Protein chains: 4
Amino acid sequence: MGKSILPSPLTGIIPPLVTPLLDRSSLDAVGLDRLLEHVIGGGVHGLFILGTTGEASSLDSDLKRQVITRTCATVADRVPVLVGISETSFTESLKIANKAHECGAHALVLAPPYYFPAGQPELLEYLENLVPMLRLPLFLYNMPFTSKPVFEPDTVRKAMDIPGIVGLKDSSSNMIYFHKVQSLLADKPGVSLLMGSETLLAESVLMGAHGGVCGGANLFPKLYVALYEAAARGDLPLARELHRQVMRLGAEIYEVGHYASSGIKGIKCTLSCMGICNDFMAEPFHRFREAERNMLKARLVQLGLL
Amino acid sequence: MGKSILPSPLTGIIPPLVTPLLDRSSLDAVGLDRLLEHVIGGGVHGLFILGTTGEASSLDSDLKRQVITRTCATVADRVPVLVGISETSFTESLKIANKAHECGAHALVLAPPYYFPAGQPELLEYLENLVPMLRLPLFLYNMPFTSKPVFEPDTVRKAMDIPGIVGLKDSSSNMIYFHKVQSLLADKPGVSLLMGSETLLAESVLMGAHGGVCGGANLFPKLYVALYEAAARGDLPLARELHRQVMRLGAEIYEVGHYASSGIKGIKCTLSCMGICNDFMAEPFHRFREAERNMLKARLVQLGLL
Amino acid sequence: MGKSILPSPLTGIIPPLVTPLLDRSSLDAVGLDRLLEHVIGGGVHGLFILGTTGEASSLDSDLKRQVITRTCATVADRVPVLVGISETSFTESLKIANKAHECGAHALVLAPPYYFPAGQPELLEYLENLVPMLRLPLFLYNMPFTSKPVFEPDTVRKAMDIPGIVGLKDSSSNMIYFHKVQSLLADKPGVSLLMGSETLLAESVLMGAHGGVCGGANLFPKLYVALYEAAARGDLPLARELHRQVMRLGAEIYEVGHYASSGIKGIKCTLSCMGICNDFMAEPFHRFREAERNMLKARLVQLGLL
Amino acid sequence: MGKSILPSPLTGIIPPLVTPLLDRSSLDAVGLDRLLEHVIGGGVHGLFILGTTGEASSLDSDLKRQVITRTCATVADRVPVLVGISETSFTESLKIANKAHECGAHALVLAPPYYFPAGQPELLEYLENLVPMLRLPLFLYNMPFTSKPVFEPDTVRKAMDIPGIVGLKDSSSNMIYFHKVQSLLADKPGVSLLMGSETLLAESVLMGAHGGVCGGANLFPKLYVALYEAAARGDLPLARELHRQVMRLGAEIYEVGHYASSGIKGIKCTLSCMGICNDFMAEPFHRFREAERNMLKARLVQLGLL
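Since this is a predicted model, take the numbers as computed values, not measurements. (Residues numbered from 1 in each chain as written. Chains lettered and ligands numbered in written order. Predicted model: local features only at pLDDT ≥ 70, side-chain atom pairs only at ≥ 80, totals over all residues. Heavy atoms only, no water.)

## What to know about the nonpolar core
A general tendency of soluble globular proteins is for nonpolar side chains to be buried together. If you look at the biggest cluster of nonpolar residues, it comprises 465 residues, and the most contacted ones within it are L127(A), Y224(A), L127(B), Y224(C) and L127(D). Every residue in contact with Y224(A), bar those within four places of it in the chain, is listed here: I13(A), E198(A), L201(A), C214(A), G216(A), A217(A), V246(A), L249(A) and Y254(A). (Core = buried A, V, L, I, M, F, W, Y, C linked by side-chain atoms within 4.5 Å. Buried < 20%, exposed > 50% of the residue type's maximum accessible area, 1.4 Å probe, protein only. Contact = heavy atoms within 4.5 Å.)

## Some words on the relation of the copies chain C and chain B
Screw-axis analysis of chain C against chain B gives a translation of 0.0 Å along the axis, an RMSD of 0.0 Å, and a rotation angle of 180°. Interpreted geometrically, this transformation is the action of a two-fold axis. Nearest to the rotation axis, the C-alpha of E203(C) is located 2.8 Å from it, this being the minimum over chain C. When the interface residues of chain C are mapped onto chain B, 100% of them again lie at the interface, so the same face is used by both copies. (Least-squares fit on C-alpha atoms with pLDDT ≥ 70 in both.)

## Some words on the sheet that holds strand β10 (residues 211–212) of chain A
Within a sheet, neighbouring strands are paired by backbone hydrogen bonds and run either parallel or antiparallel to one another. Residue and element names in this part refer to chain A. Taken in spatial order, the eight strands line up as β1-β10-β9-β8-β7-β6-β5-β4 in an open sheet, and their pairing is parallel. Every other strand in the sheet has two partners, leaving β1 (12–13) and β4 (47–49) as the edge strands with one partner each. Where β1 and β10 come together, two bridges link them in parallel fashion. Bridge pairing in β10 places G12 opposite G211. (Pairing = 2+ DSSP bridges. Helix = DSSP H or I, 4+ residues; strand = E, 2+ residues; numbered from the N terminus.)

## Thoughts on the interface of chain B and chain A
Residue-level contacts link 42 residues of chain B with 42 residues of chain A. Counting the surface lost from both chain B and chain A, the interface buries some 3,900 Å², and carbon and sulfur atoms represent 60% of this. A salt bridge links E122(B) to K265(A), with the shortest nitrogen-to-oxygen separation between them at 2.6 Å. Inspection of the chain B/chain A interface yields 18 residue pairs in polar contact (both at pLDDT 80 or more). The set of elements that each furnish at least two residues to the side of chain B that touches chain A consists of α3 (90–103), α4 (120–130) and α10 (262–273) of chain B. Element by element, the count of residues in the side of chain B that touches chain A is highest for α4(B), at five residues. Taken together, the residues of the side of chain B that touches chain A break down into 19 nonpolar, 13 polar and ten charged. (Buried area = accessible area lost by both parts, 1.4 Å probe. Salt bridge = Lys/Arg side-chain N within 4 Å of Asp/Glu carboxyl O. Polar contact = N/O pair within 3.5 Å; in protein donor to acceptor, adjacent residues only side chain to side chain. Nonpolar A, V, L, I, M, F, W, Y, C, P; charged D, E, K, R; others polar.)

## Structural notes on the interface of chain C and chain B
The interface of chain C with chain B comprises 21 residues on the first partner and 21 residues on the second. Taken together, both faces of the contact between chain C and chain B bury some 1,800 Å²; the carbon and sulfur share is 66%. For the interface between chain C and chain B, the tally reads eight residue pairs in polar contact (both at pLDDT 80 or more). For the side of chain C that touches chain B, the elements supplying multiple residues, two or more each, are α6 (175–184), α7 (201–206) and α9 (236–253) of chain C. Here the side of chain C that touches chain B gets five residues from one element, more than from any other, and that element is α6(C). The residue makeup of the side of chain C that touches chain B, split by class, is nine nonpolar, eight polar and four charged.

## Some details on unusual backbone geometry
The phi torsion of most residues other than glycine is negative, and most of the peptide bonds are trans. In the segment running from E283(C) into P284(C), the intervening peptide bond is cis, with an omega of 10°. With an omega of 0°, the peptide bond between S8(D) and P9(D) qualifies as cis. With respect to the helices, strands and loops of the structure, P9(D) is situated in the segment before β1 (12–13). Positive phi values are uncommon outside glycine, yet E55(D) reaches one of about 55°. As for its placement among the helices and strands, E55(D) is situated in the loop between β4 (47–49) and α2 (61–75). At A76(D), a position not held by glycine, the phi torsion is positive, near 50°.

## Notes on the relation of the copies chain B and chain A
Of the transformation placing chain B onto chain A, the axial shift is 0.0 Å and the rotation is 180°, giving an RMSD of 0.0 Å. When you check the interface residues of chain B against chain A, 100% turn up at the interface there too, and the contact is symmetric in its surfaces.

## Notes on the packing of aromatic side chains
Each aromatic ring pair is specified by the distance between its two centres and by the angle formed by the two planes. Per the counting criterion, the structure on display carries 22 aromatic pairs over all chains. A ring pair is formed by F116(A) and F285(B), whose centres lie 5.6 Å apart and whose planes are at 85°; its orientation type is edge-to-face. One end of the pair, F116(A), is in the loop between β6 (107–110) and α4 (120–130); the other, F285(B), is in the loop between α10 and α11 (290–302), on a second chain. Taking 5.8 Å as the distance between ring centres and 85° as the angle between the ring planes, the aromatic pair formed by F48(D) and Y141(D) counts as edge-to-face. Of the two residues, F48(D) sits in strand β4 while Y141(D) sits in strand β7 (residues 138–142), which places them 93 residues apart along the sequence. Classification of F48(D) by relative accessible area gives buried; the value is 2%. An aromatic cluster of three or more residues is present, and its members are Y114(A), Y115(A), Y114(B) and Y115(B). (Phe/Tyr/Trp six-rings, centres within 6.5 Å; stacked < 30°, edge-to-face > 60°.)

Here's what the structure looks like:
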């Protein structure tokens, strides 16, 4: 079904979608629809919902189900939909995975259980137990910033022999890690290696990554698609120029506030300024307040983006 | 109600209860009852369920509800029951907190949302929003090993002015942190400062902590109660001697396997060897296999504990 | 010789002496003499020169030689003098060790070579090669904050079988580490276990440490000696009260400036305010400037210390 | 003088030279000469002596002087010679810098003082004091693995306004850091930005770095020169292919032993197998012993490199 539209390997730009919210427990469904049309219209090659940028960890299970249902319905197989199932509980992950399958999503994404750190053999055994129970292909998600135990390169290599695992989203921002994994996967041409940091999109695609999961593609999908395509076809001057634009956007939009949450807040606030969706953020975070919103707005105007 | 039996400050030994399981989604209810009688019979001053040792993060929400219901029913107000509500989602924490209140538990315990790290002002605002919605007193839970953002000393001090917050369980194993918090709370005699590391129980109580949340008290409650009491009344020679016994138990029981999970596995396996409850562990972990179980058994026999 | 006055184990308060300087390459020899009389007059049980607090890493080899010569001459065997030989180069450590022996110092102190991190077996082999070439007893120095590779507990235990190693100064501020080492050294009653963090002096001596290497003892030697003695004889109420005074001094004196160097700057500035010695600091640091000096002075006056 | 042959910016491959030793305090001068001819014959664009790979921190000051003297004499201005002056003592750094100038070296390289971590304003002030006293241009050296305080991007930017600072060698292996620095230096075309990790050479040059300081260029200078040149002229297929060769060499040669020292040991052992120089390593390290040497030899034979 849904599976049929998932390329092997998956390539291109797959935005980690923010979750538009009206309040702590209500989806901004209309905003979500607008956002979906915005990024699909920008040419993205897939969508990743319920990831870190999607505030999955802050949402309760009802809200997560609504996000999956609405996204799949609105996208209607135009691009593959990947659904994050990163829970600390095995059975909760399974429940979301089943929901995703039922709604017609195309793949799942899983970070290691992120509360109590597991050893690498424990992680591998966990995948061996979980993956056969999933009814959709799975991408591993390496994200040391939020989930302490990482999938180390050897574990990634072994995991890729488990039927059903089809790729890795690497958000470690560690290119040494990326190259080690890439070397180990040289004999697995169908495995998709996706870069999670937009600062590293250009170079990783130049060096052979299949695409990127870039938060900024919520805002400016065409820019990221163009950068991906330039790098993929080896157009170095254009790739460098678009990389510089990505760097500039990051410096202007992601560092308005303090704390690590500033990046997601910046994206949501910009989307709100663009009239696409609400910028409410679930606890423990809070959307930019007036001063930060005004500062961000002024920057966007100066960049000619508003 | 339940609230009435919670002393201010709470003092003594409050074991972080393991969660006896039959399998991934079934409570070992009979084992749980035996465990509760074992520790209450050993003289503990309270119980903490659904903490790190209780594998809360690995359990789905149904199982957590069963643990709360059964524990409260079996304990029947003989000692205060503290319930962990550490979820990454605000509304999920609230749901468990309401369940705990409804079942007659006496207090709640909360670590910072542990997926995406919040800044200190964000954490404080989060507490200011959450605590007024809770119907039971709350202990903060500082646990850097599993939840990246900690409650820094200044945040703890400010939080203690929020009505409803009554204590801190410090599992940082960082005595500098402990002393800083203790200094800042000098004017708050009703606030309970509990030590989460059993290796540091003796010295922290000698220096003024109110008690300890010791994993080993699942196994040998009388030893930890005796150590607490010796330290609390300033019996230094006895406190040192019992501290040495605690160190020896830790070296023999908690380091049988590899990986951080070895400690909880060691406790569950020992409880199983003692005939108290099942040692099943929820994913991503797995109980000790035959070789480790036999090694642990041999050690327990040699220590005269089996 | 000198060796004869070194107790086994060494106990009590051994201040890590600051190095009074006139400028980047000149010793404030008169200030050093005054400082030595100040601390010896305060009852300290030994002296540690050329440690972290002594800015050893910022001094060139000529200055280090002058510090050793002058200190040994002024102290004249009244208390044991311990000399830091923590260099990244084996032969440089050896040269300072020889100088210390020649001047009549009583023991040496060595952190792991702190530039390129060695593995534990490499560290042990290094000690096996170095120690037989030393003509004075050696204390190991565990200081993760400045030297990445630590002496892990098992390495400490093995090292204590090398003739010539007589103790450990633990500045990890990690009481779990301390207790592990203490357990492993239970059969080595002559080995001296010294606490490097003054915040942890009370509890570590209560639990069996032999003494403390406390920066604050440069300033108020009698306070630290009294705290050591109270804890050593088990006078818990007095130990707690003096501990509180130590905490207060730390909060007032060590946190005036920013950056980690604030502690040493605070000690040197206070000594200068007390008329004992110059507060010049070698690069890359700079003594407190006017604003910070005035703030510190005001605090000292308020505490009745000036 | 020497200065005249230093391009602005410096580009290309600048091997961080190993220091051939006969024993703990004797230079293998003949081996050093052979190594110099080997790398210069391989087309390298400069040399960096007394860096991390050169074991500078393990050598005493006499040995360092010999290394400088011999290298400058043998190289005789054929390529620029950069000399590491990373000492923890200001005056010791100055002494080596003066020696380098006197011997005709062309530039200096400085990491932050690596024992006691300085704050960023402290580091900047340190550079402002030190650089005017140097008689050769200076490269900053960012190396978090060995020197805790890094030169943060803003500090690098400010430092580049101090006359005499001409570049940065970045060994952080952190491409996010690299891109931030590169953005901040967009208006400083004469500043040389050199990559310290050979795994990241291809992509950093593709994205605009000026060259690389690659340990492997001690062994196979032509490979690294070819990779640099391919990346610099945008020949993506060749750059990728040579990158794969570099990855393979790293996996075979740098990971024979345990511990972080394995990389330098692997390079020195390979050089010894190639008949170029002795593989003695200064304490606290020890050259590969028989088993590891044989394993490495077998791998080199299998790769057709011996």
